[in-house]
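Summary of structural features
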Amino acid sequence: MNSEIMAAHSDYNGVGNNGQLIVKESRSADTKRYLLLSFFVPFFLVGICWILQGVHPFGSRQILVTDFWHQYFPFANILHEKLQSFSSLLYTWKSGLGSDFIAMMAYYAASPLNLLTIFVPDEFLRDAVTLILLLKIGFAGLFTGMLLKYTFGRNDISLCLFSSLYALCSFILGYSWNIIWIDTVALLPLVILGVMKIVCEKKCSLYAIALALALLSNYYIGLFICIFTVIAFFCICLFRCTGFKHFIFSGLRISAATAVGAGLAAFMLIPAYFALQLTNSADNPFPREISFYEEWLDILANISAFREPTVKEGLPNLYCGVICIPLAGMFLSSKKVCFREKIAALLVLAFIIVSCNMNILNFIWHGFHVTNMLPYRFSFLFSFVMVIMAYRAFDLVLSGEIKLSDSIAMAVFAAGLFAVTWYSERTDKQTEAMWLSLAVSLFYVLVMFLYERKLFKPFVMCAVLSVGLLFEMFVHVRTSTEAVGTSDYVSYPTKNTEVSELLDEIEDFDDDLFYRTEMSTWYTLNDPALYSYNGVSQFSSMANKNVTTFLKSIGLPGSEAGNRYYYALSSPVTNMFTGIKYIISRNGAVLDTETLRLVAGEDSVMAYRNKYSLPIGFMTDEDILTYDSHMYYNPFDAQNALFSKATGIAEPLFTSIDVTHSAHEGMAEGRGVYRNSYGKYSFTADQEAAAHTFKFNFVPEKDSVLYAYFWADGVSKVQILQDNVNMGSYSVTKQQGFIAPIGSFKAGAKATVSADISDENVKSGSLRIYVYSLNKDLLEQGYEKLSAGAVNLEKFSDTGMTGKINAENDGICYFSIPQEKGWTAYVDGEKTETKTVGDAMLAVPVKKGTHTVKLKYVPEGFTEGIIITIVSFVILIAVLLKEYRFVSGIKQRMQRKEKKE
């Protein structure tokens, strides 16, 4: 591998034959200008392209797309609020009914650059994260430049050009919207520079610090860097170690430095590890058979230039400048590069390519996990090795070591990439890119050939190559930023001003220490984090899968595999057991007029108070502990069971109403819509029909408050009609249906649930629809009992609460808080073992009488992590002092020697 890093030249920084450190003088003045250019060239190229796209403040667009729009910015908003309010980073109530924030932060928001947002006003936070992403890309170039300068001893314009190739590789630009990964990708060169210093100078501090930063910024990408560091270390030792003893001691040093680096991040890594055990990613079976994802030629063709990068799904992002291909030819042909160096580089590149395409290796690289979109998440390592290998060859070019045979090899490799692309599967646009890529690569070969023929001086060659590289990089950045896309700045988040005013108004008139609010419909899947309120919804890789299962069972939309559960206007039972007190509608009046009361708002944005709201904790019967989320296919059955087990009321709260008649359109004759059992249907659409519509009619025999549960393949919206008058609609997601109110109906009135198949690719599929009537008398009776045992909060914070409770009987105090081992409960000052409801929610046994209940939260493993981090920090300080004294001693000896001379 790190042919790159492997200095075969005796004049590289390294270890001489006598075991002493060799430090080569820079070939030009020791100026920082080229390192600064390594930062600013990628910084400004991306910035200019965003300006051309109209990114704010230079237009009305923003770079928030995909999960950046749904996840990363909302979570950054939580961090921003916590930083400015100096509140605890251990837990947040603004996501998922309550979440371990330090674990969430470890994956989504731990970039050290995010700390700068403490100085940023709320209204400029999106602009700040845009600037932060530019900084990350700039640091990728800077750190690569530092590595190249140290390894090859150069300090000229070539540093800037080749470091920019890594900073602007297709992985970084294609996944630039995945802002949470870019820090660690940018830190890779600094980590490898730290490895170099361990082997060559016996200095461990840089590696330990860089590794700690990489793991803190994103432990997931940090895993790839750890694996690659092992490979890099052996390759570096292959060319830098003077003997077996040197190798052994270098191995001991890097092992110790790795432990210190990981230890510095332990306060986040250990809680994150325990939190991951509660997610869906904890259960991924190992592949039984070897298989391959893509055609090999298609993968290799993706190295060529001017192609759109993979943004979500597709081939591995491998491109890092087409100049790397001809230079790879020179690297392999030059006699100045030793055979071991060539073999090592080829083996590492081949291993990364095979790992991308082979399911078992891919599974191992990804932490024994099957990825959801964004495949080949370690492919940036290929770009890194290619850039270092190319610079190794270019260093020979600048040193005048290029021969005619090297020029021929470069031309052959340029033609080889063209041939690979020619025979791969490609679109018309990729065909154009293929020809342009060939032209540019041959241009580079021609320039270096003319230099080899002594027709160009070094300065002229570098200047001409700079023009070509800047052109290539600009086109690549422009293509990539357009492929990633932008979203509207002005409308994000939708109706933010009106919602914020309502939240402030509610806070003014509600004196409770804690209450939850939710939106009647979702905008993002992290609305509580985005709008800054205590809510239910969460879309996160750290989502507790048991909570998802519990909420799905009682009729909220969610997906364990999709790492999400989120709120949609639901039944009073759902609102009771999730602690919802206020509902905000951003699109007019809601269909529930029985359990919700309008309290604020005007026009289309209104706030409703839940008439049957319960606090965060309340007493229930002990039977609630027997509730099993996995037992119920029908969510109304689940709600009946949960309500009954909590209150002791045996009579069902909801009663089913069957379909009176249906009037479907555009369905195939015969078995167009087939009923399998109550609420379960399969359908086949008439492919000749222009439209395909489901229409189910229900007629209650007495005055009723009706609720429905619906989803169908290919359907995205459900219309509710009362006696053929449109009352409203709900958005639905495939197999993520939810219970929703459809209104109050007089006896004999017709309730219609209608939906069109909006996905033209769906010709057949399945459908579920349940309609139930609410027994209001039972609801009042159950609510009266549960509210009598409410926890009256006296103290509340991000990490705990204290309240009084009056239990009429021995029972279970249910808390609408996800159960985690970090929670500790105290009843009247005595530690009490917590229980779990539905494998998901926190509960505390309480005896009859009046008691003080206290909850305290410390993330599992956090205390141990803090201790390890403190010890590691002390060790690091000691190492830094030792290295400082060592360097100072060398300087003093050199000064005394100079005086004697």
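What you see is a predicted model; the values in this text were computed from it and never measured.

Moving on, we get to the overall build of the protein. If you tally the helices and strands in the protein, you get 26 helices and 33 strands. Here the C-alpha radius of gyration of the protein, 31 Å, is about what a compact globule of 901 residues would show, namely 29 Å. When burial is assessed residue by residue, the protein has 59% of its 901 residues classed as buried. Counting contacts in the protein only where the partners sit at least 6 residues apart, residues at least 24 apart contribute 75% of the total. When the accessible surface of the protein is summed, it comes to about 36,100 Å², and 57% of that surface belongs to carbon and sulfur atoms. With 74 positive and 82 negative side-chain charges, the protein shows a separation of 13 Å between the mean positions of the two kinds.

Judged by side-chain charge, Glu 498, Glu 501, Asp 504, Glu 505, Glu 507, Asp 508, Glu 602 and Asp 603 come together as a negatively charged surface patch. Take the negative patch: its biggest share by element is six residues, from helix α20 (residues 496–509). Tracing the backbone shows Glu 505 in helix α20. Assessed through its relative accessible area of 37%, Glu 505 is described here as partly exposed.

A cluster of nonpolar side chains, contributed by Leu 36, Phe 40, Phe 44, Ile 48, Leu 52 and Phe 474, occupies part of the molecular surface with about 540 Å² of accessible area. Broken down by element, the residue count for the nonpolar patch peaks at five residues, all from helix α1 (residues 33–52). Here Phe 474 shows up in helix α19 (residues 458–484). Phe 474 sits in the partly exposed class, given a relative accessible area of 31%.

This part takes up the packing of helix α9 (residues 219–240) against helix α14 (residues 339–357). Their axes nearest at 10 Å, the elements α9 and α14 cross at an angle of 170°. With respect to α14, the axis of α9 lies roughly antiparallel. Together, Phe 228, Ile 231, Cys 235, Leu 238 and Phe 239 of α9 and Arg 340, Glu 341, Ala 344, Val 348 and Phe 351 of α14 make up the contact between the two elements.

We now examine the sheet that holds strand β31 (residues 835–837). With respect to topology, four strands assemble into an open sheet ordered β14-β28-β32-β31, the strand pairing being antiparallel. For this open sheet the edge positions go to β14 (617–620) and β31, each flanked by a neighbour on one side alone. The average angle at which neighbouring strand axes cross in this sheet is 35°, direction not considered. As paired elements, β14 and strand β28 (residues 811–818) share four bridges and run antiparallel to each other. Across the sheet, the residue bridging to Thr 620 is Ile 812, located in β28.

Inspection of the secondary structure puts Tyr 674 in strand β17 (residues 673–677). With relative accessibility at 36%, the residue Tyr 674 sits in the partly exposed group. Placed 92 residues apart in sequence, Tyr 674 and Ser 766 show a C-alpha to C-alpha distance of 9.3 Å. If sequence neighbours within four positions are ignored, Tyr 674 has contacts with Lys 680, Tyr 681 and Ser 682.

The next thing to look at is the side chain of Asn 114. Structurally, Asn 114 is set in the loop between α3 (101–108) and α4 (125–152). Setting aside residues no more than four positions away along its own chain, Asn 114 makes contact with Leu 79, Leu 83, Ala 109 and Ile 132.

With the rule as written, the count across this model stands at zero disulfides. With no disulfide of its own, Cys 49 lies closest to Cys 169 among cysteine sulfurs, the gap being 15 Å.

Pairing of side chains with opposite charge becomes possible as their charged atoms draw close. Counted by the stated rule, this structure contains 20 salt bridges. Lys 429 is the partner of Glu 308 in a salt bridge, and the nearest nitrogen-oxygen pair spans 3.1 Å. With Glu 308 in the loop between α12 (296–301) and α13 (324–333) and Lys 429 in helix α18 (residues 428–452), this residue pair connects regions lying 121 residues apart in the sequence. Given a relative accessible area of 54%, Lys 429 falls into the exposed group. The partner of Asp 623 in a salt bridge is Lys 645, and the shortest N-O contact between them spans 3.9 Å.

On the basis of which strands lie adjacent, the open sheet formed by five strands has the order β26-β27-β33-β29-β30 and antiparallel pairing. Taken across any chain shown, the strands that pair with only one partner, and hence form the sheet edges, are β26 (792–797) and β30 (830–832). Direction aside, neighbouring strands of the sheet carry axes that sit 25° apart on average. Taken together, the five bridges between strand β29 (residues 823–827) and strand β33 (residues 849–857) define a ladder with antiparallel strand orientation. Paired with Ala 825 across the two strands is Leu 855, which belongs to β33.

On to the environment of Ser 537, then. Relative to the assigned elements, Ser 537 resides in the loop between α21 (527–531) and β8 (538–539). Look at Ser 537 and you get buried, because its relative accessible area is 3%. The contact partners of Ser 537, leaving out residues within four places of it in the chain, are Ser 95, Gly 96, Glu 518, Leu 525, Asn 526, Pro 528, Tyr 565, Tyr 566 and Tyr 567.

Moving on: the nonpolar core. One recurring pattern in soluble globular proteins is that nonpolar side chains are buried together. Judged by nonpolar contacts, the single largest core of 186 residues is most densely connected at Phe 162, Ile 323, Leu 327, Phe 380, Met 448 and Met 461. In terms of residue count, helix α7 (residues 179–201) provides more of this core than any other element does, 17 residues in total. Those residues in contact with Leu 327 that lie beyond four places of it in its chain are Phe 162, Ala 390, Ala 393, Phe 394, Val 397, Met 410 and Met 448.

On to unusual backbone geometry. Here the amide bond leading from His 56 into Pro 57 is cis, since omega sits at 10°, within 30 degrees of zero. With respect to the helices, strands and loops of the structure, Pro 57 is situated in the loop between α1 and β3 (61–62). Residues Tyr 492 and Pro 493 are joined by a peptide bond in cis, for which omega reads -10°. With respect to the helices, strands and loops of the structure, Pro 493 is situated in the loop between β6 (487–488) and α20.

In this section: the pairing of strand β25 (residues 764–774). A large share of β25 lies buried, amounting to eight of its eleven residues. In this structure, strand β15 (residues 654–656) lies alongside β25, joined through three bridges in antiparallel fashion. Residue Ser 656 lies in a different strand from β25, and its bridge partner there is Tyr 772. As paired strands, strand β18 (residues 680–684) and β25 are joined by five bridges and run antiparallel to one another. In the strand pairing of β25, Thr 684 is matched with Ser 764. Here strand β20 (residues 704–712) pairs with β25 via seven bridges, running antiparallel. What sits directly across from Ala 712, in β25, is Leu 767.

So, about the packing of aromatic side chains. Inspection of the entire model under this criterion finds 75 aromatic pairs. Here Tyr 175 and Trp 181 contribute two aromatic rings whose centre-to-centre distance is 6.0 Å and whose plane-to-plane angle is 90°, an arrangement assigned as edge-to-face. Since its relative accessible area comes to 0%, Tyr 175 is described here as buried. Trp 181 gets classed as buried once you look at its relative accessible area, which sits at 1%. In this arrangement the basic side chain of Lys 82 is found over the ring face of Phe 101, its NZ or CZ atom lying 5.6 Å from the centre. One residue, Arg 564, lies across the ring of Phe 539, its end atom 4.3 Å from the ring centre.

The next subject is helix α25 (residues 776–788). The terminal C-alpha atoms of α25, which comprises 13 residues, lie 18 Å apart, in line with the 18 Å expected from a rise of 1.5 Å per residue. Within the span of α25, buried status applies to Leu 778, Leu 779, Gly 782, Tyr 783 and Leu 786. The buried residues of α25 all sit within an arc of 130° when viewed along its axis, so they share a single face. With respect to the buried face of α25, the exposed residues turned more than 90 degrees away are Asp 777 and Glu 784. Elements in contact with the buried residues of α25: α23 (572–578), β14, α24 (635–647) and β25.

Rules used in this analysis
- Per-chain numbering applies: the sequence of each chain, read as written, is numbered from 1 onward.
- Side-chain atom pairs in this predicted model are given and counted only at pLDDT of 80 or more, local residue features only at pLDDT of at least 70, and totals for whole chains, interfaces and linings cover all residues.
- Note: side-chain values were computed over all heavy atoms of the structure, leaving out hydrogens and water.
- Only runs of H or I of at least four residues qualify as helices and only runs of E of at least two qualify as strands under DSSP, and these elements are numbered from the N terminus.
- Here the globule rule is a power law, 2.2 Å times the number of residues to the power 0.38, and the radius of gyration is based on C-alpha atoms.
- Only protein chains enter the calculation, and the probe is 1.4 Å; a residue is then buried if its accessible area is under 20% of its type maximum, exposed if over 50%, and partly exposed in between.
- Any two residues whose heavy atoms approach within 4.5 Å are treated as being in contact.
- All accessible-area figures derive from a Shrake-Rupley calculation using a 1.4 Å probe, and residue coverage is judged against the displayed protein chains alone.
- Counted charges follow a simple rule, with Lys and Arg positive, Asp and Glu negative, and His plus the chain ends left uncounted.
- Charged groups are reduced to one reference atom each: NZ for lysine, CZ for arginine, CG for aspartic acid, CD for glutamic acid.
- Patch rule: a residue counts if its relative accessible area is over 30% and it has no salt bridge; like charges are joined within 9 Å, and nonpolar side chains (Val, Leu, Ile, Met, Phe, Trp, Tyr) within 5 Å.
- The term salt bridge refers to a side-chain nitrogen of Lys or Arg lying within 4 Å of a carboxyl oxygen of Asp or Glu.
- In this analysis an axis means a line fitted to C-alpha atoms, helices contributing only their contacting stretch, and an angle means the value between N-to-C directions, from 0 to 180 degrees.
- The cut-offs work like this: below 35 degrees is roughly parallel, past 145 is roughly antiparallel, 65 to 115 is roughly perpendicular, and the gaps in between are oblique.
- DSSP calls a pair of strands paired once it identifies at least 2 bridges connecting them.
- By disulfide we mean two sulfur atoms from cysteines, separated by a distance within 2.5 Å.
- Working definition of a nonpolar core: buried Ala, Val, Leu, Ile, Met, Phe, Trp, Tyr and Cys residues. They are joined through side-chain atoms within 4.5 Å.
- A pair of aromatic rings is counted whenever rings of Phe, Tyr or Trp (Trp by its six-membered ring) have centres within 6.5 Å, and the orientation is called stacked for planes under 30 degrees apart, edge-to-face for over 60 and tilted otherwise.
- Note on criteria: charge over ring means Lys NZ or Arg CZ within 6 Å of the ring centre, with the direction from the centre no more than 35 degrees off the ring normal.
- Each residue after the first adds 1.5 Å to the expected span of a helix.
- Directions drawn from the helix axis to the C-beta atoms are what define this arc.

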